[in-house]
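Residue strings, one per chain:
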Amino acid sequence: GIQVEQSPPDLILQEGANSTLRCNFSDSVNNLQWFHQNPWGQLINLFYIPSGTKQNGRLSATTVATERYSLLYISSSQTTDSGVYFCAVPRGSSNTGKLIFGQGTTLQVKP
Amino acid sequence: DTAVSQTPKYLVTQMGNDKSIKCEQNLGHDTMYWYKQDSKKFLKIMFSYNNKELIINETVPNRFSPKSPDKAHLNLHINSLELGDSAVYFCASSQSRGRNTIYFGEGSWLTVV
């Protein structure tokens, strides 16, 4: 089955710093989603980004489907950005809605 | 208004008990899911329903039985709870299968003692 790998596994930033999180996937996909799990456990969808670049405030994401990776950029990080960031892709070509999640990047932003 | 709501949020129970987690979405979505997050934060799908029809049953023990009375509700019943069932269970929904943003509930923390 498709493999999803995220890097780095852990990241510690000082408030105000920028960062890039990476998601590699082993097979062609027709969509990719980024999620943020905050310290209270809530999973928030950040981007639905099968290809190209999207921006939402201080966050932006780029997916290069032909090269099988996606990047999540966090600029001017804030303590509220702390948590775990997951990327997820659908399994195979069947339209079942099943998402395969990466193992996550745990981000800690220090004040 | 919570888009995807699940209850209870916390559940502590003894081995061998039977428990249920309820989920409701008010987004008008056709597809609902149950995901399990283990202690290492790994998220894995358990079930998917589309318009009350089971689409995915991801090699989950028979002790887990989902029920979808209508497309806005997907409940999870667990029989004979085991220690290894301790996890966070997330309900989720999307407009349709596979090609839409998925929205998660706040999670149900299940601890089996």
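Residues numbered from 1 in each chain as written. Chains lettered and ligands numbered in written order. Predicted model: local features only at pLDDT ≥ 70, side-chain atom pairs only at ≥ 80, totals over all residues. Heavy atoms only, no water.

A.B. asks: Let's hear about the overall build of chain B: which residues, and what values?
C.D. replies: In terms of regular secondary structure, chain B is built from zero helices and 11 strands. Written out in order from the N terminus, the α and β elements of chain B read β-β-β-β-β-β-β-β-β-β-β. Based on the C-alpha atoms only, the size of chain B along its principal axes is roughly 35 × 30 × 25 Å. Buried positions account for 44% of the 113 residues belonging to chain B. As displayed, chain B offers around 5,600 Å² of accessible surface, 47% of which is attributable to carbon and sulfur atoms. Considering chain B, the positive charge centre built from 13 side chains and the negative charge centre built from 11 side chains are found 3 Å apart. (Helix = DSSP H or I, 4+ residues; strand = E, 2+ residues; numbered from the N terminus. Buried < 20%, exposed > 50% of the residue type's maximum accessible area, 1.4 Å probe, protein only. Areas by Shrake-Rupley, 256 points an atom, 1.4 Å probe, with all protein chains shown as cover. Lys, Arg positive; Asp, Glu negative; His and termini not counted. Charge placed at Lys NZ, Arg CZ, Asp CG, Glu CD.)

A.B. asks: Residue-level account of the interface of chain B and chain A, with values.
C.D. replies: Of the residues lining the interface, 21 residues belong to chain B; the matching set on chain A comes to 19 residues. For the pair chain B and chain A, the summed buried surface comes to about 1,900 Å²; carbon and sulfur atoms form 55% of the total. Where chain B meets chain A, there are one salt bridge. Where chain B touches chain A, the interface holds five residue pairs in polar contact (both at pLDDT 80 or more). Counting residues per element, the ones that place at least two in the side of chain B that touches chain A are strand S4 (31-37), strand S5 (43-50), strand S6 (53-57) and strand S10 (102-104) of chain B. Per-class residue counts for the side of chain B that touches chain A are 11 nonpolar, five polar and five charged. (Contact = heavy atoms within 4.5 Å. Buried area = accessible area lost by both parts, 1.4 Å probe. Salt bridge = Lys/Arg side-chain N within 4 Å of Asp/Glu carboxyl O. Polar contact = N/O pair within 3.5 Å; in protein donor to acceptor, adjacent residues only side chain to side chain. Nonpolar A, V, L, I, M, F, W, Y, C, P; charged D, E, K, R; others polar.)

A.B. asks: Would you mind going over the layout of surface pockets in detail, with residue names and values included?
C.D. replies: In this structure, the largest pocket encloses a volume near 220 Å³. Residue lining of the largest pocket: 14 residues in total, with Ile2, Gln3, Ile100 and Phe101 of chain A together with Phe42 of chain B positioned closest to the centre. Of all elements in the fold, only strand S1 (4-7) and strand S10 (99-101) of chain A together with S5 of chain B reach the threshold of two or more residues within the lining of the largest pocket. When grouped by side-chain class, the residues that make up the lining of the largest pocket number eight nonpolar, two polar and four charged. One number sums up the size of the second largest pocket: a volume of about 170 Å³. Residue contributions to the lining of the second largest pocket peak at three residues, all from S5 of chain B. Here the lining of the second largest pocket is composed, by residue class, of six nonpolar, one polar and four charged. (1 Å grid on protein atoms, 1.4 Å probe; cavity = no way out; pocket = protein on both sides within 12 Å on 5 of 7 lines; lining within 4 Å. Points joined across faces, edges and corners; volume = space filled by probe spheres on them.)

A.B. asks: Before we move on, can you summarise the sheet that holds strand S1 (residues 4-7) of chain B with the specific residues and values?
C.D. replies: Residues and elements named next belong to chain B. Taken together, four strands build an open sheet; the order of strands is S1-S3-S8-S7 and the sheet is antiparallel. Both outer strands of the open sheet, S1 and strand S7 (64-70), are each paired with one neighbouring strand and no more. Neighbour-to-neighbour, the strand axes of this sheet turn through a mean angle of 20 degrees, independent of strand direction. Summarising the sheet, S1 and strand S3 (residues 19-25) pair through four bridges and their orientation is antiparallel. Each bridged residue has a counterpart across the sheet, and for Val4 the counterpart in S3 is Gln25. (Pairing = 2+ DSSP bridges. Axes fitted to C-alpha atoms, helices over the stretch in contact; angles between N-to-C directions.)

A.B. asks: Outline the pairing of strand S5 (residues 43-48) of chain A, listing residues and values.
C.D. replies: The buried count for S5 of chain A comes to five of six residues, which makes it a mostly enclosed element. The turn joining strand S4 (residues 33-37) of chain A and S5 of chain A, which pair antiparallel and follow one another in sequence, is formed by five residues; a positive phi near 95 degrees is taken by Gly41 of chain A.

A.B. asks: Go over the nonpolar core, please, and point to the residues and values.
C.D. replies: Residues and elements named next belong to chain A. In terms of nonpolar packing, the biggest core is built from 22 residues, with Leu32, Trp34, Phe47, Leu72 and Val89 touching the most fellow members. Secondary structure elements with two or more residues in this core: strand S3 (19-25), S5, strand S7 (59-64), strand S8 (69-74), strand S9 (83-90) and strand S11 (105-110). When near neighbours in sequence (up to four residues on either side) are disregarded, Leu72 contacts Ser19, Thr20, Leu21, Trp34, Leu46, Phe47, Ser60, Ala61 and Tyr85. (Core = buried A, V, L, I, M, F, W, Y, C linked by side-chain atoms within 4.5 Å.)

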